[in-house]
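# Examining the three-dimensional arrangement
Spelled out, the chains give:
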Amino acid sequence: MASKRPSEELLMAYAAGSLPEPVALVIATHLAICPDSRRAVAEYEAIGGALLEEIEPVPLGGDALAKTLARLEEETPHGLAGRAQAGRGAADELPAPLRDYVGDDLGKLPWRRVMRGLEEAELEIGTPGYHSRLLRIQPGVGVPQHTHEGGELTLVLRGAFRDASGRYGVGDLQIADASVDHQPVAETGETCLCLAVTDAPLRLTGPIGRWLNPFIHLT
Ligand code: ZN
């Protein structure tokens, strides 16, 4: 069973503010939906802050660890975790971090038809080497089978999709790389809306994909 949440390393890097902007956007949007990840990030932020405060040229007393732990108990997480928490509004609204990038009206985005039942809208984040886009997959439609030359983060915002590794519903994050060759298929019933970030082109691998490769550009 594949993990559907960001790895600890990814959440720590996020808490430390060291992720490239498109990846940070994916994580921030995931945090707005997922309370477990939010709690984890709040802990990393508190630990990071407490450790920084401990870096002082004074001898540590024997109770330094106890004091640090006590402070962790006291500290209420603010910063992004707090903002993310406030970010989930009406059911049809996008999570706040993403809304800051794309606005309120999905219809205003530059949707482009990739194939029947699959549209994408490129997000202009401007980090070199990354492609960020929203994908709209009609119920029951499969994205062409593909693998990845780099990493691919796919966060489900509405609906759900499945591939061989399982089902991904709202808030679930799929992390794929060159070792993953998959064909995500949207569940029937509801259009699947995803935020996808890649750091290298996808390579289509299915029988149809090999033929399509020169014509459609999924990144
Ligand atoms: Zn993929």
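Quick caveat: nothing in here was measured; it's all calculated off a predicted structure.

## Remarks on the coordination of the zinc ion
- At the metal site, the zinc ion is ligated by H146 (NE2), H148 (NE2), E152 (OE) and H182 (NE2), and these contacts range over 2.0 to 2.1 Å.
- Geometry at the zinc ion is irregular, judged from its 4 donor atoms and the angles of 87 to 146° they form at the metal.
- Here the donor residues of the zinc ion share one chain and are spaced in sequence as H-x1-H-x3-E-x29-H. You can see H148 sitting in strand β4 (residues 146–148) and its partner H182 sitting in the loop between β8 (173–176) and β9 (185–186), a full 34 residues away along the chain.

## What to know about the side chain of D163
- Along the chain, D163 turns up in strand β6 (residues 161–163).
- Despite its burial, D163 pairs with no opposite charge; the closest candidate is K4, at 8.1 Å N-O.
- At a separation of 2.6 Å, a polar atom in the side chain of D163 contacts the side chain of S165.
- A polar contact is formed between the side chain of D163 and the side chain of Q174, at a distance of 2.7 Å.
- Excluding anything up to four places from it in sequence, D163 contacts Y168, Q174, H182, Q183 and P184.

## Topic: the packing of aromatic side chains
- Applying the stated criterion to the full structure yields 1 aromatic pair.
- Note that K4 overlies the ring of Y168, its terminal NZ or CZ placed 5.2 Å from the centroid.
- In this structure, R136 is placed above the aromatic ring of W111, and the distance from its NZ or CZ to the ring centre is 3.9 Å.

## Observations regarding the environment of G142
- With respect to the helices and strands, the residue G142 is situated in the loop between β3 (131–137) and β4.
- Since its relative accessible area comes to 19%, G142 is described here as buried.
- Once the C-alpha coordinates of G142 and F161 are considered, the two residues, 19 residues apart in sequence, prove to be 8.8 Å apart.

## Thoughts on the nonpolar core
- Counting 33 residues, the largest nonpolar core has I27, L98, L134, L157 and L195 as the members making the most contacts within it.
- Only α1 (8–15), α2 (21–33), α3 (35–54), α6 (96–102), β2 (118–123), β5 (152–158) and β10 (192–198) provide two or more residues apiece to this core.
- In contact with L98, other than residues within four places in its own chain, are L25, T29, L123, L134, L157 and L195.
- Residues L118, V143, F161 and A196 belong to the second largest nonpolar core, which totals 13 residues.

## Re the packing of α1 against α2
- Contact pair α1 / α2: the axes reach a minimum separation of 10 Å and the direction vectors enclose 100°. Between α1 and α2, the interaxial angle falls into the category roughly perpendicular. Residue-level inspection shows L10, L11 and Y14 of α1 in contact with α2, the latter providing V23, A24, I27, A28 and L31.

## As for the pairing of strand β1 (residues 112–115)
- Alignment of β1 against β2, held across 3 bridges, turns out to be antiparallel. Residue pairing for β2: R112 is matched across the bridge by E120.
- Counting the residues between successive antiparallel strands, the hairpin from β1 to β2 contains 2 residues, one of them, G117, with a positive phi of roughly 85°.

## Side note on the pairing of β10
- Counting buried residues in β10 gives 7 out of 7 residues, a clear majority hidden from the surface.
- Side chains of β10 alternate between two faces, with C192, C194, A196 and T198 and L193, L195 and V197 buried alike.
- When β3 meets β10, the two strands line up antiparallel, connected through 7 bridges. Looking at the pairing, R133 lines up with A196 of β10.
- Examined bridge by bridge, β5 and β10 share 6 bridges and lie antiparallel to one another. What sits directly across from V156, in β10, is C194.

## Here's the deal with the state of the cysteines
- According to the stated counting rule, one finds 0 disulfides in the structure shown.
- The thiol of C192 is unpaired, and the distance to the nearest cysteine sulfur, on C194, comes to 3.6 Å.

## Some thoughts on the sheet that holds β5
- Pairing in this open sheet of 6 strands is antiparallel, and the strands run β1-β2-β3-β10-β5-β8 from one edge to the other. Only two strands of the sheet have a single partner each, and these edge strands are β1 and β8. The sheet shows a mean angle of 25° between the axes of neighbouring strands, taken without regard to direction.
- Across the sheet, α2 lies against β2, β3, β5, β8 and β10, angled at about 35° from β5, the strand it touches most.

So, how was this worked out
- Residues numbered from 1 in each chain as written.
- Predicted model: local features only at pLDDT ≥ 70, side-chain atom pairs only at ≥ 80, totals over all residues.
- Heavy atoms only, no water.
- Donors = N, O, S within 2.8 Å, 3.2 Å for Na, K, Ca; no water.
- Tetrahedral: all angles 85-135°; square planar, octahedral: opposite > 155°, others 65-115°.
- Helix = DSSP H or I, 4+ residues; strand = E, 2+ residues; numbered from the N terminus.
- Buried < 20%, exposed > 50% of the residue type's maximum accessible area, 1.4 Å probe, protein only.
- Lys, Arg positive; Asp, Glu negative; His and termini not counted.
- Salt bridge = Lys/Arg side-chain N within 4 Å of Asp/Glu carboxyl O.
- Polar contact = N/O pair within 3.5 Å; in protein donor to acceptor, adjacent residues only side chain to side chain.
- Contact = heavy atoms within 4.5 Å.
- Phe/Tyr/Trp six-rings, centres within 6.5 Å; stacked < 30°, edge-to-face > 60°.
- Lys NZ or Arg CZ within 6 Å of the ring centre and 35° of its normal.
- Core = buried A, V, L, I, M, F, W, Y, C linked by side-chain atoms within 4.5 Å.
- Axes fitted to C-alpha atoms, helices over the stretch in contact; angles between N-to-C directions.
- Parallel < 35°, antiparallel > 145°, perpendicular 65-115°, else oblique.
- Pairing = 2+ DSSP bridges.
- Disulfide = S-S within 2.5 Å.

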